[in-house]
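# Understanding the architecture of this molecule
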Amino acid sequence: MRNLSKFLGVGIVLLSLSACDQKTDADNHASGNQHSAQVSGRKIALIDSKLTFTLPQNMNDETGKLGTQSNNMHVYANADGQQAVIVIVGDETPLSLSELSQKLQTQQRNRDPQLQVVSDKSVTLGNGTAQQLDSVISTNNHSSWSTVVFAKVNNKLVTLQISLPADNQSESQALASDIVNSIHLQ
C-alpha cells in the first residue's frame, strides 16, 4: 500500500506539472479535435493482454522517461505533457476497490482542500469490475481533470490515472470517458 501511495504521488506530481504548464487555447486547438481522436486510437495491452485500453493517437509511450516496466509503472502522454495516462500494476491489497478510492480521496483532499469529486462509482469494464473516481484537482490556480480507475487483475492491484487539463471540463471529461469505456478487463 505504501508503494501505491508513492506511485500515486508521482502521478499527482505529473498532474501538477501539467496544470502549471500555461498553454494558450490556440496551442490546445492546434492539436485538433481530441474527442474524435478516440475513434482512431492506439490499442494498449498490459498484463498478458488481461488489461487492454485505447489511447488517443497523440499519446505516446513515455515509460522509459518517467517510469519503467521493472517498477510496473507505464506512462503515456502527449507531446506537451498536458494529457497523461499512468498505469501502475501493484501488489495485491486486502482493501476493497471502494476503500482504495476513499483513501485516495482523503489523500488528495489533504493536498488540495478545493478538490471537487465529480463521481466515485463502481463500473464494469469487460469481464471485470472496477472503481472509478472522477475529480477536478487545483494546483497554483490551474485545474486538471483526473479520472482514477482501480481494478484487480491476476491478483494484482491496477491503478490507471488519466490526467487532462480542465480548461474545457466537458471536453476533458468526454476524453477520459472514452479512455475508460475502452478498458477491457479479463
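Relevant structure appears above.
So, how was this worked out
- Every chain begins its residue count from 1, and numbering advances along the sequence as written.
- Selection of residues for local features in this predicted model requires a pLDDT of at least 70, selection of side-chain atom pairs for listing and counting requires 80 or more, and totals for whole chains, interfaces and linings are taken over all residues.
- The side-chain figures draw on all heavy atoms in the structure; neither hydrogens nor water molecules are used.
- Strands here mean DSSP runs of E at least two residues long; helices mean DSSP runs of H or I at least four residues long; both are numbered from the N terminus.
- Three exposure classes are used, based on accessible area relative to the maximum for each residue type with a 1.4 Å probe and protein chains only: buried under 20%, partly exposed in between, and exposed over 50%.
- Note on contacts: a residue pair qualifies if any of its non-hydrogen atoms lie within 4.5 Å across the two residues.
- Accessibility throughout is a Shrake-Rupley quantity obtained with a 1.4 Å probe, and a residue counts as covered only by protein chains that appear here.
- In this description, strands pair whenever DSSP reports at least two bridges between them.
- A fitted line through C-alpha atoms represents every axis, and for helices the fit uses only the stretch in contact; the resulting angles, taken between N-to-C directions, go from 0 to 180 degrees.
- Residues enter a nonpolar core if they are buried and are Ala, Val, Leu, Ile, Met, Phe, Trp, Tyr or Cys, with the set joined through side-chain atoms within 4.5 Å.
- One fewer than the residue count of a helix, multiplied by 1.5 Å, yields its expected span.
- In this description, the arc belongs to the directions extending from the helix axis to the C-beta atoms.

Check the secondary structure of the chain and you find 5 helices and 10 strands. For the chain, with 186 residues in total, the buried portion stands at 49%. Taking the contacts inside the chain whose residues are at least 6 apart along the sequence as the reference set, 53% of them involve residues at least 24 apart. Element-wise, carbon and sulfur atoms account for 45% of the exposed surface of the chain, whose accessible area totals about 9,000 Å².

Attention now moves to the sheet that holds strand E5 (residues 84-90). Pairing between sheet strands relies on hydrogen bonds along the backbone, with the strands arranged either parallel or antiparallel. Spatially, the 7 strands line up as an open sheet ordered E3-E4-E5-E9-E8-E7-E6, and their pairing is antiparallel. Each edge of the open sheet is held by one strand with a lone partner, namely strand E3 (60-61) and strand E6 (116-125). Pairing of strand E4 (residues 73-77) with E5 involves 5 bridges; the strand directions are antiparallel. Bridge pairing links Met-73 to Ile-88 in E5. Sitting on the sheet, helix H4 (residues 97-111) touches E6, strand E7 (128-139), strand E8 (142-153) and strand E9 (156-165), and the angle it makes with E7 is about 5 degrees.

This part covers the nonpolar core. Ranked by internal contacts, the top residues of the largest apolar core, which has 30 residues, are Leu-51, Phe-53, Val-85 and Val-87. Those elements giving two or more residues to this core turn out to be strand E1 (42-46), strand E2 (51-55), E5, E6, E7, E8, E9 and helix H5 (169-182). Look past the residues within four positions of Leu-51 in its chain and what remains in contact with it is Ile-44, Ala-45, Leu-46, Val-87, Val-158, Ile-183, His-184 and Leu-185. Formed by 7 residues, the second largest nonpolar core is a distinct cluster that contains Leu-100, Leu-133, Phe-150 and Leu-157.

Right, let's get into H4. Between its first and last C-alpha atoms H4 spans 21 Å; for 15 residues at 1.5 Å apiece the expected length is 21 Å, and the two agree. Buried residues of H4: Leu-97, Leu-100, Ser-101, Leu-104, Gln-105 and Gln-108, and no others. Buried residues of H4, seen end-on, are gathered within an arc of 140 degrees and therefore sit on one face of the element.

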